[in-house]
Amino acid sequence: MLKSTSEPVPGRRQRPPGAGRVLSRGPSARGRRAPARGVSAMSDGTAALAPHEIALLRGGPRAAVTVAVVALYLRGTVEPGPPGTLWAAPEDGQGGLEGAVGSALRRPARFRRLVRDPEVRLAVAEMRIPLAEAGLLRWPFLGPTRSARREVEALRSRHPLPARRYGLTDDDKLLAVALHGEAALRALMPRFALRAGLLPRVEVADVRGTSPSWGYGGAAPMCGGGDAGGSD
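Since the model is a prediction, treat every value here as computed from it, not as a measurement.

## Regarding the overall build of the protein
Piece 1. Each helix and strand in the protein was counted, giving 9 helices and 5 strands.
Piece 2. Order of helices (α) and strands (β) in the protein, N terminus to C terminus: α-α-β-β-α-β-α-α-α-α-α-α-β-β.
Piece 3. In the protein, which comprises 232 residues, the proportion classed as buried is 44%.
Piece 4. Within the protein, contacts between residues at least 6 apart in sequence are counted, and of these 59% link residues at least 24 apart.
Piece 5. About 12,500 Å² of surface is accessible on the protein, with carbon and sulfur atoms providing 52% of the total.

## What about a positive patch on the surface?
Piece 1. Taken together, the side chains of Arg110, Arg112, Arg113 and Arg116 present a region of like positive charge at the surface.
Piece 2. For the positive patch, the element with the most residues is helix H4 (residues 111-116), which contributes 3 residues.
Piece 3. Structurally, Arg112 can be placed in helix H4.

## Topic: the packing of helix H2 (residues 61-74) against helix H3 (residues 96-104)
Piece 1. Running from N to C, H2 and H3 point in directions that differ by 75°, and their axes come no closer than 9 Å. Relative to H3, the element H2 lies roughly perpendicular. Between H2 and H3, the contacting residues are Ala64, Val65, Ala68, Val69, Ala71 and Leu72 on the first element and Leu97, Glu98, Val101 and Gly102 on the second.
Piece 2. Each residue belonging to the contact of H2 with H3 can be placed in one class, and the counts come to 8 nonpolar, 1 polar and 1 charged.

## Topic: the environment of Arg186
Piece 1. Within the fold, Arg186 resides in helix H8 (residues 182-188).
Piece 2. Distance from Arg186 to Leu199, taken between C-alpha atoms, is 8.0 Å for residues 13 residues apart in sequence.

## Considerations on H2
Piece 1. In this model, H2 (14 residues) spans 20 Å end to end at C-alpha, consistent with the 20 Å of a helix rising 1.5 Å per residue.
Piece 2. Across the 14 residues that make up H2, a large majority, 12, are buried.
Piece 3. When H2 is considered as a whole, its buried residues turn out to be Ala63, Ala64, Val65, Thr66, Val67, Ala68, Val69, Val70, Ala71, Leu72, Tyr73 and Leu74.
Piece 4. Backbone geometry just after H2 places Gly76 at a positive phi near 85°.

What counts, and where the lines are drawn
Residues numbered from 1 in each chain as written. Predicted model: local features only at pLDDT ≥ 70, side-chain atom pairs only at ≥ 80, totals over all residues. Heavy atoms only, no water. Helix = DSSP H or I, 4+ residues; strand = E, 2+ residues; numbered from the N terminus. Buried < 20%, exposed > 50% of the residue type's maximum accessible area, 1.4 Å probe, protein only. Contact = heavy atoms within 4.5 Å. Areas by Shrake-Rupley, 256 points an atom, 1.4 Å probe, with all protein chains shown as cover. Patch = residues over 30% accessible without salt bridge, like charges linked within 9 Å, V, L, I, M, F, W, Y side chains within 5 Å. Salt bridge = Lys/Arg side-chain N within 4 Å of Asp/Glu carboxyl O. Lys, Arg positive; Asp, Glu negative; His and termini not counted. Charge placed at Lys NZ, Arg CZ, Asp CG, Glu CD. Axes fitted to C-alpha atoms, helices over the stretch in contact; angles between N-to-C directions. Parallel < 35°, antiparallel > 145°, perpendicular 65-115°, else oblique. Nonpolar A, V, L, I, M, F, W, Y, C, P; charged D, E, K, R; others polar. Expected span 1.5 Å × (residues − 1).

Printed below as a string of structure tokens:
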């Protein structure tokens, strides 16, 4: 299961046996945490990939950056800015993709601009190196290998889209967004995702024919309306 097949690289410090990637809330290249609830370690003792790594294998850089944004939002660091934008409060000691995203959002920015930010693109490129060395991304174009795609699909089967957001941990939500993308955003945090520009805005004709309204494409109405029952 998403097992590293890379050979030792001369001059590079190797991790001890069993030291794998951890699936945890808001992971980065530094300070990984314990596996999230419901995600077991692999039989050889290594742990599952982090949510932003799973997202990269499933949907590319945009999906990985989305997971990083959601991780920061769940920690209270990222909030929606002016319509369709995001901004982040300063957070010390955060590295990796989340650190790059937080740094890029010190001023409000639209999501599509965030994905193109040089620091964010560099962080994504650095993420790809160990995944490629592990045989999960192909050289030179760095698309997922057939094995990686099979394992991601297996994870999607084992962790289907939650029917509701209540009772889920932050780890559960991150894993759902990593595996199911926009469908998980609509189900778990539609208000934030729409205001932050993570979901496409579409014009919806008013039933009385008076004026258009705005919504997120493909989202079904939720019982009780919108985000009833509390914030995202």
